[in-house]
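Per-entry structural report
This is what each chain is made of:
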Amino acid sequence: MPARTNSGRELATATIEESSMSKVAAKGVSKLLTLVTPWVVGLFGFGLAAALHFILYSPDTIGAWSSVVTVCVIILTGVTYGTSHARGPWGKTHTTASTFLAGVWTVAVVNLGPWHPVLWRLGVVGGITMALSWNIRSVIRLKGWDEPGTATDPLSFLFGRGAERAGMKEVEARTVKATAHKVEGEVQLDHGRHTADDLQKKVAYIESGIPLPPGSITTAIDPDDASKAKVTISDPRVMKRPIPWPGASRPGGSVAEPVRAGLWQDLDELAYTLVGHHLQVMGQTGSGKSIGGAWNLLGELITRYDVAIFAGDITKGDQTLGPMRESLHRFETSKPGVKAMLADLQAQIKPRTNYLAGKGLQKWVKGCGLTYWIVWLEEFPDIFDALSDAEQERFLSMLKAIRSAGGTIVMSLQRSDYSQMPTLARGQLAKMCFGVDSPADASFGLSERQQDAGARPELWTNAQPGMAYLDAPSIPDERIAMPLRTFAWGMKGDRFDDEAANQAMREHAARWPAADKKVDPTTARLSLLAGGTHPRATWPVELEEPHQADPDQDEDEEVRNVAAEYLATDDPDTDVIGDLDDEIPDLPDGQPPLTFAPPEQRMTPQQRGEALLGRLQELWDDGARDFSSGDLKPLWQSTDMSRAWCQKQLKRLLAAGVLGGYDDEAQRYLMPERPEIREEAA
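The numbering scheme is per chain: residues are counted from 1 as the chain's sequence reads. For a predicted model such as this one, the threshold for reporting local features is a pLDDT of at least 70, and the threshold for listing and counting side-chain atom pairs is 80 or more; totals across whole chains, interfaces and linings nevertheless cover every residue. Only hydrogens and water are removed before side-chain values are computed, so all heavy atoms of the structure are retained for them.

1. Quick word on helix 20 (residues 605-621)
Going by this rule: Starting at the N terminus, helices and strands are each numbered in turn, a helix being any DSSP run of H or I of at least four residues and a strand any DSSP run of E of at least two. How far a helix is expected to stretch is found by multiplying one less than its residue total by 1.5 Å. Each residue is assigned to one of three classes by its accessible area relative to the maximum for its type, calculated with a 1.4 Å probe on protein chains only: buried under 20%, partly exposed between the two thresholds, exposed over 50%. Contacts between residues were defined by any pair of non-hydrogen atoms, one from each residue, lying within 4.5 Å.
Compared with the 24 Å implied by 1.5 Å per residue over 17 residues, the 24 Å span of helix 20 between its first and last C-alpha is a close match. Those residues of helix 20 that sit buried are Arg608, Gly609, Leu612, Leu613, Arg615, Leu616, Gln617, Leu619 and Trp620. Contacts from the buried residues of helix 20 go to strand 17 (626-627), helix 21 (633-638) and helix 22 (643-656). The first or second residue beyond helix 20 is Gly623, which carries a positive phi of 105°.

Below is the structure:
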């Protein structure tokens, strides 16, 4: 059996090779016959004219026969003109003139004979000229250069020929708009046989059939007609070099207005509005997703008057977003800091939605009185992994609620598979995909619409940093599969330079500092501004008189909070043994006198607040970056403050943003910055 199988394969291979060779040979013979035919026809015409002379010539009847031959020539010329109506002007003129001139020469030969000194020379020269002209026509026709509409509609010619070679013969393209950098048109597909989806799947073959560079053609579905598609042809090679950043497009405008983050392949500007949805930015290392994506989008956003940027990067720290720190309302680079920021943001969502509801609004709109939030999370998988299970659930809940409260979350990462991005989150994100390593990776960074339309970020990998696809609200359907290139911030000559880019971003951020923006109270409470001279939070804490509530309730709360701590505390000094009735010995000579805590003081609310803040600052100055309620024990040992009262105020300080958050697992309050209370910024 194996031998037979091999023989069968060899036979099949031989048959295929023979068939292929036969097709090649037949095609070559066909082309040769096409070129030889005009010469054969010329010789046949010369012989036919000579034969007619010898058959018809007679001095008595030659006049009548000449008239008959002339009428035949006129009829043949008319038939030629009529049957060549489908040809272009040049084709129609050539075929008609060839028939007419050959007929006139034949009439002359019938009258004077083929060897007349002038006629036979004209026959040779004219015959050669006419044969060569038909050879030229044949070559042009084989190349497809004389198709109807070639000169008047380039898209019809180019796209039609490419589609035919790709197996879609019944396709008609029509130019709608042509500029120096692109051709836009519409394609009429074969009714009942093809749809726009079929055309999108054939794009790579059509590019090969024209031929054009990969990525030259983008298509989109016509929403009004299933038998039509929209098509754009542009040159992807114009995007191979970095494009210098031209500056902010709308400085002082609203976040509700589009941002300009780059240029499309047809060199039109990208106009993208981030309000009202979340965004995933994905690309492999070196593809430009941070500098190209983060810097261009945030570089535009920080120039808008009604937006605040809250950013986190616990992987690269200051490397990516550090140069724009001065323009950010809050930038966290530690796990506790990012966790606290997310918790603080979530805590302010309900007050914001209540505010909007009070104005009769279902979502944030320009001029509503709230500052729009952009929450930018670099290397998102590391941030999400740092959250506890409960914190992850709260984050996903915030993802669903923050849009209506006036916020957008941007998650930047290298590969958005199930292990890096929660499925629930991925389904709610617009997609911006930079270069990736493979088609498999591309499937995680592109929307289904982009994949169906033939987007191929794997063609770039990280060799063309800044190239990307974008599918998001405000992006036209015909552009979701069109490549774009983000701007390069730092250029030396025609090359990108890291140091120049960092300097350019620092200077830009300094011109648009977050401290200069007037924000709403919910935003002010969460802001941790760069530097130290700007107010970084408002403290709307109400310091009520102690023990105004039910004393038993306070006592119960205090017992609940401290019971576990005191029950688990070991004896600090097992060598000291005593009883209530034991005598207290005097101190040996030379020992300092005993000191006792001062008597309980009756303090005003302001004094209690200052004492609490002073203790927190003391802990910070001693190097503590987190603390437990037990660290505040000196307050209720030496003043009239109770533990329950202190815990109540700590919760208010958390809500006001004075503290950085609370770690549920460690049960400790976070202090990423030195606690301070300032008046709300104007």
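2. Notes on the pattern of salt bridges
Put simply, the test is: A pair is scored as a salt bridge if a Lys or Arg side-chain nitrogen falls within 4 Å of a carboxyl oxygen belonging to Asp or Glu.
Tallying each qualifying case throughout the model produces 27 salt bridges. The salt bridge partner of Arg325 is Asp318, with a shortest N-O separation of 2.6 Å. Residue class for Asp318 comes out partly exposed when judged on its relative accessible area of 41%. If you follow the salt bridges from partner to partner, you end up with Lys182, Glu184, Asp266, Asp268 and Arg479 in one network.

3. Side note on the pairing of strand 2 (residues 182-188)
So the rule is basically this: Here a strand pair is declared whenever DSSP counts at least two bridges between the two strands.
In this sheet, strand 2 lies alongside strand 1 (residues 172-178) in antiparallel orientation, the contact comprising 6 bridges. When the bridges of strand 2 are listed, Arg174 appears paired with Glu186. Pairing geometry for strand 2 and strand 4 (residues 228-234), over 7 bridges, is antiparallel. Counted as the bridge partner of Lys182 is Ser234 from strand 4.

4. Observations concerning helix 10 (residues 335-347)
Since the α-helix advances by 3.6 residues per turn, residues separated by three or four positions end up pointing in the same direction. Helix length check: helix 10 (13 residues) gives 18 Å between terminal C-alpha atoms against 18 Å at 1.5 Å per residue, within 8%. All of the buried residues along helix 10 are Gly337, Val338, Lys339, Ala340, Met341, Leu342, Asp344 and Leu345.

5. Considering the sheet that holds strand 18 (residues 661-663)
Ordered by their spatial adjacency, 3 strands build an open sheet running 17-19-18, and the pairing between neighbours is antiparallel. Each end of this open sheet is capped by a strand with a single partner; those strands are strand 17 and strand 18. Bridge count for strand 18 against strand 19 (residues 668-670) is 3 bridges, and the pairing is antiparallel. Pairing of Gly661 across the sheet is with Leu670, part of strand 19.

6. Here we look at the packing of helix 10 against helix 13 (residues 389-401)
A pair of packed helices is captured by two measures, namely the crossing angle of their axes and the spacing between those axes. Rules: Lines fitted to the C-alpha atoms define the axes, with helices restricted to the stretch that makes contact. Angles between their N-to-C directions range from 0 to 180 degrees. When an angle is under 35 degrees it counts as roughly parallel; over 145 it counts as roughly antiparallel; between 65 and 115 it counts as roughly perpendicular; any other value is oblique. Crossing handedness is read from the near helix: turned anticlockwise from the far helix by less than a right angle, it gives a left-handed crossing, and turned clockwise, a right-handed one. Under the scheme applied here, ten amino acids are nonpolar (Ala, Val, Leu, Ile, Met, Phe, Trp, Tyr, Cys and Pro), four are charged (Asp, Glu, Lys and Arg), and all others, including Gly, are polar.
At a minimum axis distance of 10 Å, the contact between helix 10 and helix 13 shows a crossing angle of 45°. By the angle between their directions, the pair helix 10 and helix 13 is classed as oblique. Between helix 10 and helix 13 lies a crossing of left-handed hand. Packed against helix 10, whose contacting residues are Lys339, Leu342, Leu345 and Gln346, the element helix 13 presents Glu391, Arg394, Phe395, Ser397 and Met398 at the interface. Counted by class, the contact of helix 10 with helix 13 contains 4 nonpolar, 2 polar and 3 charged residues.

7. Side note on the nonpolar core
Rules: The set of buried Ala, Val, Leu, Ile, Met, Phe, Trp, Tyr and Cys residues whose side-chain atoms join them within 4.5 Å is what this entry labels a nonpolar core.
Grouped together as the largest cluster of nonpolar side chains are 60 residues, with contacts concentrated most on Tyr272, Leu279, Leu297, Trp376, Met432 and Leu470. Per-element accounting of this core gives the leading share, 5 residues, to helix 8 (residues 289-301). Other than its neighbours up to four places away in sequence, Trp376 contacts Val281, Gly293, Ala294, Leu297, Leu298, Phe310, Ala311, Gly312, Leu321, Val410 and Ser412. By size, the runner-up hydrophobic cluster in this structure holds 29 residues, among which are Ile314, Phe384, Phe395 and Ala405.

8. A short note on the packing of helix 10 against helix 11 (residues 349-358)
At a minimum axis separation of 4 Å, helix 10 and helix 11 run at an interaxial angle of 30°. Classified by the angle their axes make, helix 10 and helix 11 are roughly parallel. Residues Leu345, Gln346 and Ala347 of helix 10 touch helix 11, and the partners they reach there are Ile349, Lys350 and Pro351. The residue makeup of the contact of helix 10 with helix 11, split by class, is 4 nonpolar, 1 polar and 1 charged.

9. Looking at the sheet that holds strand 3 (residues 217-221)
What the 4 strands build is an open sheet, ordered 1-2-4-3; its pairing is antiparallel. Each edge of the open sheet is held by one strand with a lone partner, namely strand 1 and strand 3. Adjacent strand axes in the sheet meet at a mean angle of 25° when their direction is disregarded.

10. A short note on a nonpolar patch on the surface
Formally: Residues forming no salt bridge and having over 30% relative accessible area are the ones grouped into patches, like charges within 9 Å of each other and nonpolar side chains (Val, Leu, Ile, Met, Phe, Trp, Tyr) within 5 Å. Note on areas: Shrake-Rupley with a 1.4 Å probe; residue coverage comes only from the protein chains shown.
On the surface, a cluster of nonpolar side chains totalling about 840 Å² of accessible area is made up of Trp39, Phe54, Trp115, Trp120, Val124, Val125, Ile128 and Leu132. Listing elements by their share of the nonpolar patch, those giving two or more residues are helix 1 (2-56) and helix 4 (117-143). With 5 residues, helix 4 is the single largest residue contributor to the nonpolar patch. Its place among the elements puts Trp120 in helix 4. For Trp120, a relative accessible area of 33% gives the class partly exposed.

11. Describing unusual backbone geometry
The phi dihedral of Thr461 falls on the positive side, at around 45°, and the residue is not glycine. Secondary-structure assignment places Thr461 in the loop between helix 16 (448-452) and strand 13 (467-471). Within the chain, Ser474 stands out as a residue other than glycine whose phi angle is a positive 85°.

12. Considering the confidence of the model for the protein chain
We count it as follows: Confidence of the prediction at every residue is given by pLDDT, a number between 0 and 100.
On average, residues of the protein chain score 80 in pLDDT, and 80% of them are at 70 or above. The lowest-confidence element of the protein chain is helix 19 (residues 551-567), averaging 42 in pLDDT; the highest-confidence one is strand 10 (residues 372-377), averaging 98.

13. A short note on the environment of Pro258
Mapped onto the fold, Pro258 is located in the loop between strand 5 (243-244) and strand 6 (262-264). If near-sequence neighbours (up to four positions away) are discounted, Pro258 is found in contact with Ser249, Arg250, Ala271, Tyr272, Thr273, Glu300 and Arg304.

14. So, the packing of aromatic side chains
This is how it is decided: Centres within 6.5 Å are what make two rings of Phe, Tyr or Trp a pair, Trp counting through its six-membered ring; a difference in plane orientation under 30 degrees is then read as stacked, over 60 as edge-to-face, and the rest as tilted.
If you walk through the whole model with that rule in mind, you get 10 aromatic pairs. A ring pair is formed by Trp460 and Tyr469, whose centres lie 4.8 Å apart and whose planes are at 25°; its orientation type is stacked. Comparing Trp460 with Tyr469, the two get one shared label, buried. In this structure an aromatic cluster arises from ring pairing among Trp245, Trp295 and Trp489.

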